[in-house]
Amino acid sequence: MFLKFGRYNMNTKQRLLDFFEAENKRDWISYRKYLAKDVLWTLHSDNEKTICGIDCYIMKEYEENNNTFVCESLYQSKDGDLIVTILKNNIGKRSCDIFEFKGGLIIKEYEFIID
């Protein structure tokens, strides 16, 4: 499913995979291009945590560690605006992440730690 993004048609699945690549490379300039200004991220783990806004969303903790991850599976809604992933980091921990898109940008992420 393709969305119009500026002058280009963009597949949200490919945009998300590119977003993951930017995160793993710590390319924060590219990373920001995939996020809405008021992006909302909610972590469901031992403690629930919610972050709102693009500047808070960029995970500064990566400056202190080298963790990367791979996408083990990805499921996309018919309209392309909702994507569910299973991610596995380099130390074997998994999460289920749900991404909501609007206009080709990530507006919400719900992250559930499962390992």
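Residues numbered from 1 in each chain as written. Predicted model: local features only at pLDDT ≥ 70, side-chain atom pairs only at ≥ 80, totals over all residues. Heavy atoms only, no water.

**Points about the overall build of the protein**
(1) Moving on: A count of helices and strands for the protein gives three helices and eight strands.
(2) Moving on: Counting from the amino terminus, the protein carries its helices and strands in the arrangement β-β-α-α-β-β-α-β-β-β-β.
(3) Moving on: Long-range pairs, those at least 24 residues apart, make up 39% of the contacts in the protein with a sequence separation of at least 6.
(4) Moving on: Of the roughly 7200 Å² that the protein leaves accessible, carbon and sulfur atoms contribute 52%. (Helix = DSSP H or I, 4+ residues; strand = E, 2+ residues; numbered from the N terminus. Contact = heavy atoms within 4.5 Å. Areas by Shrake-Rupley, 256 points an atom, 1.4 Å probe, with all protein chains shown as cover.)

**What to know about helix α1 (residues 12-25)**
(1) Moving on: Taking 1.5 Å of rise per residue, the 14 residues of α1 would be expected to cover 20 Å, and the 20 Å separating its terminal C-alpha atoms lies within 8% of that figure.
(2) Moving on: Among the residues of α1, those classed as buried are T12, R15, L16, F19, F20, A22 and E23. Projected down its long axis, α1 carries its buried residues within an arc of 160 degrees, all on one side.
(3) Moving on: Once α1 ends, the next one or two residues include R26, with phi positive near 60 degrees. (Expected span 1.5 Å × (residues − 1). Buried < 20%, exposed > 50% of the residue type's maximum accessible area, 1.4 Å probe, protein only. Arc of directions from axis to C-beta.)

**Structural notes on the packing of aromatic side chains**
(1) Moving on: Within this structure, the stated rule accounts for nine aromatic pairs.
(2) Moving on: Ring geometry for F19 and Y34: centres 6.0 Å apart, planes at 70 degrees, overall edge-to-face. With a gap of 15 residues between them, F19 in helix α1 and Y34 in the loop between α2 (28-32) and β3 (35-44) connect regions that are remote in the sequence.
(3) Moving on: Since its relative accessible area comes to 1%, F19 is described here as buried.
(4) Moving on: Among the residues examined, Y34 registers a relative accessible area of 14% and is labelled buried.
(5) Moving on: Taking 6.4 Å as the distance between ring centres and 40 degrees as the angle between the ring planes, the aromatic pair formed by F19 and Y57 counts as tilted. Highlighted residues: F19 in helix α1 and Y57 in helix α3 (residues 54-57), separated in sequence by 38 residues. (Phe/Tyr/Trp six-rings, centres within 6.5 Å; stacked < 30°, edge-to-face > 60°.)

**Considering unusual backbone geometry**
(1) Moving on: Its identity is not glycine, yet R26 carries a phi of approximately 60 degrees, on the positive side.
(2) Moving on: Summarising the element assignment, R26 is placed in the loop between α1 and α2.

**Structural notes on the side chain of T12**
(1) Moving on: Within the secondary structure, T12 is located in helix α1.
(2) Moving on: On the accessibility criterion, T12 (0% relative accessible area) is buried.
(3) Moving on: Polar contacts involving the side chain of T12 include one to the main-chain carbonyl oxygen of G80, which spans 2.6 Å. (Polar contact = N/O pair within 3.5 Å; in protein donor to acceptor, adjacent residues only side chain to side chain.)

**As for the environment of I54**
(1) Moving on: Residue position: I54 is located in helix α3.
(2) Moving on: Taking the C-alpha atoms as reference, I54 lies 6.1 Å from D38; in sequence the two are 16 residues apart.
(3) Moving on: Other than its neighbours up to four places away in sequence, I54 contacts R32, L35, A36, K37 and V39.

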